[in-house]
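Fold and geometry: a report
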Amino acid sequence: MQISLEEQFQQKIDQEIKIEPKDWMPEKYRHTLIRQISQHAHSEVVGMLPEGNWITRAPSLKRKAILLAKVQDEAGHGLYLYSAAETLGISRDEMYEQLHSGRAKYSSIFNYPTLNWADIGAIGWLVDGAAIMNQVPLCRTSFGPYARAMVRVCKEESFHQRQGFECLWVLSKGTEEQKKMCQDAINRWWWPCLMMFGPKDDESPNTMQNMQWKIKRFTNDALRQKFVDMIAEQIKLLGMKLPDPDLKWNEATAHYDYGKINWDEFWQVVQGNGPCNKERLAARKNAWDEGAWVREAATAHAEKNQIKISSMLHPNDINLGS
Ligand code: 3HC
C-alpha cells in the first residue's frame, strides 16, 4: 500500500528517527522550526545584554571572569542555533533582519532590567534554571541539527544554573543588606520566569501540533510545574521566600500549587511594551550597524584569500590534468 510523504514523515517521527535537513518535510514543520530555532537563537544573543550590564561592575575578579565566560557561552549558543536554523534554508542575514524589524520574537524574560548584583545570581539560578527545564527535552527534539546543538547548550546551561545558585548562596549568608538584595532579586525575577514557559496550554496555539511532531516533548504547563516543584525545594536551602502566598505543597497531586500568573503583563512584554524592549532592540541594531566594517573587512579578506588560492592552484591543476 502506497502511503503519502506526510504519512511517511509522521511514521519516522513516531519511530524516533531524526529528521535531517535534506529529508522531505511538510512546509509547516520547516516554518515552525525556523520560527522556534531562530527565536531561541535571538534569545541567547539578546540575553547577553542584561548580564553584560554587570561585567564592569562585578564585585571581584573571580565573579567578573565567571560572568565573562557565561556571557561568551550565550554567544556560542546563539551561533550553534543560527547554524541549525540555516540548515532549513533561511540565511543568517534574514534572521537578523527579522529580529531588528521586530518580526521575530525573543524570550520575554530578557526585557527586564538587572538592577543590582543579586540579579546576576537570580538570572543564573532562575532564568537559566527555567531555560534548562525547557531545553533538556529539546535534546530529543525530532529535528537532528537542533537536537544535537541542544546537547552542548544544556551542559553549559547547567553550569550556569549552579553558578547562579552559588552566587545567591553567598549573598544569602552575608550581611543584612546582602540578604535583602538576594530576596529583592528573587521577588522581581520569579513571576517573569514562570512566564518564560509560554502561555497556558489552552491558550498556546502551537503546542498540540508541536507535540505531534515531537518538536516539543512536554507542554508549557507541564514544564512550568516541574520548574515550580524544583525551585520551591531549592529555595529552602537559601533561606529565602518565593513571592507567592499561594505556593503550597499539594498532597493529592504531589506537586506545588502556585498563584495566578499575570498574563496581561506577559502579552504586553511579548508585544514590545516591557520595561526594556526598546533598549534591547536598539542595542542589537546598534551592534549590527557598528559591525558593518568588520563584515566588509572579513568578506574582502575571504575574497582575497580565494583569489590567492586559485592563482596558486591554477598552473598545477593544468599540469596534473594534462
Ligand atoms: N517570550 C516571547 N514569546 C513567547 C514566549 C516567551 N517566553 N513564550 C511563547 N511565546 C510566543 C511564541 O513564540 C508564540 O508566538 P509566535 O507563534 O508568533 O512565534 C506565541 O507566544 C504562542 O506560544 P506557543 O506556546 O504556542 O509557542 P511555542 O509552541 O513555540 O512554545 C516556547 C513557546 C516554549 C518558548 C518554545 O518556542 C520553545 O521551547 N522554544 C525554545 C526555547 C527558547 O526559545 N527559549 C528561550 C529562552 S533561551 C534562554 O533563556 C537563553 C539562556 O541563555 C538563558
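Check the entry above for the structure.
Computed from a prediction, not measured in an experiment: that's the story for all the values here.

What counts, and at which threshold
Residues numbered from 1 in each chain as written. Predicted model: local features only at pLDDT ≥ 70, side-chain atom pairs only at ≥ 80, totals over all residues. Heavy atoms only, no water. Helix = DSSP H or I, 4+ residues; strand = E, 2+ residues; numbered from the N terminus. Buried < 20%, exposed > 50% of the residue type's maximum accessible area, 1.4 Å probe, protein only. Contact = heavy atoms within 4.5 Å. Areas by Shrake-Rupley, 256 points an atom, 1.4 Å probe, with all protein chains shown as cover. Lys, Arg positive; Asp, Glu negative; His and termini not counted. Charge placed at Lys NZ, Arg CZ, Asp CG, Glu CD. Near = heavy atom within 4 Å. Polar contact = N/O pair within 3.5 Å; in protein donor to acceptor, adjacent residues only side chain to side chain. Phe/Tyr/Trp six-rings, centres within 6.5 Å; stacked < 30°, edge-to-face > 60°. Lys NZ or Arg CZ within 6 Å of the ring centre and 35° of its normal. Expected span 1.5 Å × (residues − 1). Arc of directions from axis to C-beta. Core = buried A, V, L, I, M, F, W, Y, C linked by side-chain atoms within 4.5 Å. Axes fitted to C-alpha atoms, helices over the stretch in contact; angles between N-to-C directions. Left-handed = near helix turned anticlockwise from the far one by under 90°. Nonpolar A, V, L, I, M, F, W, Y, C, P; charged D, E, K, R; others polar.

Quick look at the overall build of the chain now. Each helix and strand counted, the chain has 13 helices and two strands in total. Expressed as lengths along the three principal axes of its C-alpha atoms, the size of the chain is roughly 80 × 60 × 35 Å. Considering the chain as a whole, with its 322 residues, one finds that 46% of them fall into the buried category. Sequence separation of 24 or more characterises 75% of the internal contacts of the chain that already satisfy a separation of 6 or more. For the chain, the computed accessible surface area is about 17000 Å², with 57% contributed by carbon and sulfur atoms. Taking the average place of the 40 positive charges on the side chains of the chain and the average place of its 41 negative ones, the gap between the two points comes to 3 Å.

The next subject is the site of the ligand. Taken together, 33 residues sit near the ligand, with Glu74, Lys105, Asp128, Ser204 and Lys216 positioned nearest. Between the ligand and Glu74 there is a distance of 2.5 Å, counted from an oxygen atom to a side-chain nitrogen or oxygen. Contact distances for the ligand include 3.2 Å between a nitrogen atom and a backbone N or O atom of Met196. When isolated, the ligand has an accessible area of 1000 Å², and the protein chains bury 90% of it. At the level of elements, α2 (27–46), α6 (118–135), α7 (144–172) and α11 (263–273) are the ones that each hand at least two residues to the shell around the ligand. With six residues, the single largest contributor to the shell around the ligand is α2.

Turning our eyes to something else, we now look at the packing of aromatic side chains. Tallied over the entire structure, the rule returns 14 aromatic pairs. Considering the side-chain rings of Phe9 and Trp24, the 6.2 Å spacing of their centres and the 80° angle between planes classify their relative orientation as edge-to-face. Taken together, the residues span a long stretch of sequence, with Phe9 in helix α1 (residues 5–14) and Trp24 in the loop between α1 and α2 at a distance of 15 residues. Residue Trp24 is classed as partly exposed on the basis of its relative accessible area of 40%. Judged by centre distance (5.7 Å) and plane angle (15°), the ring pair of Trp190 and Phe227 falls under stacked. Of the two residues, Trp190 is situated in helix α8 (residues 176–195) and Phe227 in helix α10 (residues 220–238); the sequence distance between them amounts to 37 residues. Overall, the relative accessible area of 0% leaves Phe227 in the buried class. A connected cluster of aromatic rings, assembled from ring pairs, spans Phe9, Trp24, Tyr29 and Trp213. The aromatic ring of Trp54 is capped on one face by Arg57, whose charged end is 4.1 Å from the ring centroid.

Attention now moves to unusual backbone geometry. Phi at Lys214 is positive, roughly 55°, even though this residue is not glycine. Residue position: Lys214 is located in the loop between α9 (207–212) and α10. Of note, the phi angle at Ala254 is positive, near 60°, even though the residue is not glycine. Mapped onto the secondary structure, Ala254 falls in the loop between β1 (248–250) and β2 (255–257). The class for Ala254 is partly exposed, based on a relative accessible area of 41%.

What follows deals with α10. The end-to-end C-alpha separation of α10 is 27 Å, in line with the 27 Å expected for 19 residues at 1.5 Å each. All of the buried residues in α10 are Asn220, Leu223, Arg224, Gln225, Phe227, Val228, Asp229, Ile231, Ala232, Ile235 and Leu238. Among the structural elements, α6, α7, α8, α9, β2 and α11 are those in contact with the buried residues of α10. After α10 finishes, the residue Gly239 shows a positive phi value of roughly 70°.

Bringing α1 into the picture now. Along α1, the residues that are buried comprise Phe9, Gln10 and Ile13. Mapping the buried residues of α1 onto a view down its axis gives an arc of 95°, with all of them on the same face. Taken together, the buried residues of α1 touch α2 and α9. Two residues or fewer past α1, Glu16 is found with a positive phi of approximately 65°.

Let us look at the nonpolar core. With 49 residues, the main nonpolar core has Trp125, Leu168, Ile186, Trp189, Trp190 and Phe227 as its most contacted residues. Secondary structure elements with two or more residues in this core: α4 (61–86), α6, α7, α8, α10 and α11. Residues Ala84, Tyr96, Tyr146 and Val153 belong to the second largest nonpolar core, which totals 26 residues.

With that out of the way, let us pick up the packing of α6 against α7. Here α6 crosses α7 at 145°, and the two axes come no closer than 7 Å. Crossing hand, α6 versus α7: left-handed. Per-class residue counts for the contact of α6 with α7 are 11 nonpolar, nine polar and two charged.

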